[in-house]
Amino acid sequence: MGASKYTKGCCGWLIVVVVAALVVTAGVVAIMKKRSHKSAEVLPVPGPPGAINQKYADALGTALQFFQIQKSGKLVNNKISWRGDSALDDGKEAGLDLSKGMYDAGDHMKFGFPMAFTATVLAWSILEYGDQMAATKQLDPALDSLKWITDYLINAHPSDDVLYIQVGDPDTDHKCWERPEDMTEKRPLIKIDKNNPGTEVAAETAAAMAAASLVYKSRNTQYSDTLIKHAEKLFTFADTYKGSYTDTYPKIQTYYNSTGYYDELLWAASWLYHATGDRQYLSYVTVKNGDSHADWGRPTWFSWDDKRAGTQVLMSRVKFFGSKEASNAENNGLGMYRKTAEAVVCGLLPDSPTATTSRTSGGLVWIDEWNALQHPVAAAFLAVVFSDYMLTSRTSEVSCSGQSFSPTDLRKFAISQANYLLGDNPMKMSYLVGYGDNYPQQVHHRGASIPVDANTGCKGFQWLTSNSPNPNVATGALVGGPFKNDSFIDSRNNSMQTEPSTYNSAVLVGLLSGLVTTSSVSLSLS
């Protein structure tokens, strides 16, 4: 009797096991049909930087040199043979020293909006990937470049509700083709204040100072404290006296037109939350303004003008690694930021159901013919940051409309964009000047295009129209990039494709720092 009971039980369990196996098999088949990528991928173990990828290390070292080329003021330990002191009197008419900072692009303007964005992204890159930079001996150059800008931003904020946002007149500047060392034209100042608002510039400057305060928190406590004080005052100013700087100064619309300022307010508040831990900033970003201004669920492109995607990735960091003091409402908001960040990266992955179809035949994400590399490089930077958040939190996959993708998939996308700009493209052209054997020779850059001993005055336009290669190599310059058909015209007069900018270089430094080696990010930025 015992035997028959045993036999019956054994058969019953066998049937259950067989049925269960069939169900599991059917489920696996269904899932595999639904998913194009394995969710069971073994992730690298989080830890300190591993083996260095020399290709990206070399490119990073090259890219950082462009910030040395763009420096204004009295240069210290200058290693660029064709650069010297310039714009030493900037700010004097207001009793300020605005000699530092960086020239915007191939001209000699100091536009505060993109310059502050450059500083914010540089700081973010150092915070996430400082160990990687140090492993390749590039941390000190990055810190030096960041401080050269933040020194300027501190001086540009002489009182709580006043911020100087521009040095030079762009019309006058663009009527000259000369070396910065030889400038004699007047360089007027533009400021914002209570009566002349510029919310987006004040908020971006607050973001830059808050992010930089974190960078210097363990390196220079006094300087970090100074930065955070300026950041908080600038945020209050920006949020209290709302108005776009391009409405206040319509002339700037030709150069750096703003499409809105709430993205900068959210971006700045996000950085202030990371820098201070003050719940008021978390509430500002999530509960008070998230629904109305964060565009949750709508992927956007990260740039000097639009900070939404950057804020979504940055605040998803809080969701990944936890915020113990967050309320339920704040946690819900953080969840929406993470979901939107996931939508952003899903739109980048070429095999994702929601992937953007706007790509060149060579595989470059292509959004705009003017400065075409700006958006793909910034997108790749966000992708590698998000992939490292996943890696560090041991998050194995992100779901894109039912298909699962791993941190490695995100990293592969970032690598594809980096490799394209470094020469793996139909033109076999490195768009990073000084990297590789074939890079642009006629970069649209005044200082690079004019021999050091030339006496041009303001009217050195023969050097603009010359068909000869630049006499000085603008090492580290990331030029505008290709057309949608992957073609590129290397002509100095073709500023659409051959002009570099500091803000392009900032996101490139972030991208390359993330690719130098596979490693984890810190659980906290503070």
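- Looking at an unreviewed UniProt entry, one finds the protein named Endoglucanase and attributed to Rhynchospora tenuis.
- What UniProt records for the protein under Catalytic activity (unreviewed entry) is the sentence "Endohydrolysis of (1->4)-beta-D-glucosidic linkages in cellulose, lichenin and cereal beta-D-glucans."
- Annotation of the protein in UniProt includes, under Sequence similarities (unreviewed entry), the sentence "Belongs to the glycosyl hydrolase 9 (cellulase E) family."

Some words on the environment of M390
- Here M390 shows up in helix α15 (residues 374–392).
- As for M390 and T408, which are separated by 18 residues in sequence, their C-alpha atoms are 9.8 Å apart.
- Once you skip the residues sitting within four places of it in the chain, M390 turns out to touch F320, T395, S396, E397, V398, F405, S406, P407 and L410.

Some words on the state of the cysteines
- Within this structure, the stated rule accounts for two disulfides.
- Linked covalently through their sulfurs, C176 and C458 form a disulfide whose S-S length is 1.9 Å. Here the disulfide of C176 and C458 is left-handed, its torsion about the S-S bond being about -95°. Of this pair, C176 sits in the loop between α5 (170–174) and β3 (189–192) while C458 sits in the loop between α17 (446–449) and α18 (462–465); the two residues are 282 residues apart in sequence, bridging distant segments of the chain. As far as the burial class goes, C176 and C458 line up, both buried.
- Note that C346 is cross-linked by a disulfide to C400, the S-S spacing being 1.9 Å. Taking the sign of the torsion about the S-S bond as the criterion, the disulfide between C346 and C400, at about -80°, is left-handed. Of this pair, C346 sits in helix α14 (residues 328–346) while C400 sits in strand β4 (residues 398–400), and the two are 54 residues apart along the sequence.

Focus on the sheet that holds β3
- Read from one edge of the open sheet, three strands run β1-β2-β3, paired in antiparallel fashion. Both outer strands of the open sheet, β1 (110–111) and β3, are each paired with one neighbouring strand and no more.
- Bridge count between strand β2 (residues 163–167) and β3: four bridges; the pairing is antiparallel. Residue pairing across strands places L163 opposite I192, the latter belonging to β3.

Some remarks on the packing of helix α2 (residues 54–69) against helix α20 (residues 502–515)
- For the pair α2 and α20, the least separation of the axes is 9 Å and the interaxial angle reads 155°. Comparing the axis directions of α2 and α20 gives the class roughly antiparallel. Crossing geometry of α2 relative to α20 is assigned as left-handed. Each of Y56, A59, L60, A63, L64, F66 and F67 in α2 lies in contact with α20, whose residues at this interface are T502, S505, A506, L508, V509, L512, S513 and L515.
- Grouping the amino acids of the contact of α2 with α20 by side-chain chemistry returns 12 nonpolar, three polar and no charged.

Considerations on the packing of aromatic side chains
- By the definition in use, this model includes 25 aromatic pairs.
- A centroid spacing of 5.1 Å and a plane angle of 65° characterise the contact between F111 and Y256, whose relative ring orientation is edge-to-face. Within this pair, whereas F111 is found in strand β1, its partner Y256 is found in helix α9 (residues 253–256), the two being separated by 145 residues in sequence.
- Here the aromatic rings of F117 and F302 are separated by 5.4 Å at their centres, their planes lie at 70°, and the arrangement is edge-to-face. Taken together, the positions of F117 in helix α3 (residues 112–135) and F302 in the loop between α12 (290–293) and α13 (308–321) put the pair 185 residues apart, joining distant regions of the chain. Assigned by exposure class, F117 and F302 land together as buried.
- Pairwise contacts between aromatic rings join F111, F113, Y245, Y255, Y256, W304 and Y503 into one cluster.
- The ring of W148 carries the charged tip of K100 above its face, separated from the ring centre by 4.5 Å.
- The ring of F320 has R338 sitting right over it, with the charged end atom 3.9 Å from the ring centre.

Considerations on the UniProt feature "active site" (unreviewed entry) in the protein
- Sites flagged by UniProt as "active site" (unreviewed entry) map to H444.
- Checked against the element boundaries, H444 lands in the loop between α16 (407–421) and α17.
- For H444, the contacting residues outside a window of four places in its chain are G106, W177, L464, R492, S495, T498, E499 and P500.
- Here the side chain of H444 touches R492 through a polar contact of 2.6 Å, landing on its backbone oxygen.

Considerations on the confidence of the model for the protein
- Here the protein averages 92 in pLDDT, while 91% of its residues score no lower than 70.
- Scored below 50 in pLDDT, residues 1–36 shows eight contacts in the model against residues more than four places distant or in partner chains.

Rules used throughout
- Residues numbered from 1 in each chain as written.
- Predicted model: local features only at pLDDT ≥ 70, side-chain atom pairs only at ≥ 80, totals over all residues.
- Heavy atoms only, no water.
- UniProt positions renumbered as here; feature names shortened; annotations may be inferred.
- Helix = DSSP H or I, 4+ residues; strand = E, 2+ residues; numbered from the N terminus.
- Contact = heavy atoms within 4.5 Å.
- Disulfide = S-S within 2.5 Å.
- Buried < 20%, exposed > 50% of the residue type's maximum accessible area, 1.4 Å probe, protein only.
- Pairing = 2+ DSSP bridges.
- Axes fitted to C-alpha atoms, helices over the stretch in contact; angles between N-to-C directions.
- Parallel < 35°, antiparallel > 145°, perpendicular 65-115°, else oblique.
- Left-handed = near helix turned anticlockwise from the far one by under 90°.
- Nonpolar A, V, L, I, M, F, W, Y, C, P; charged D, E, K, R; others polar.
- Phe/Tyr/Trp six-rings, centres within 6.5 Å; stacked < 30°, edge-to-face > 60°.
- Lys NZ or Arg CZ within 6 Å of the ring centre and 35° of its normal.
- Polar contact = N/O pair within 3.5 Å; in protein donor to acceptor, adjacent residues only side chain to side chain.
- pLDDT = per-residue confidence, 0-100.

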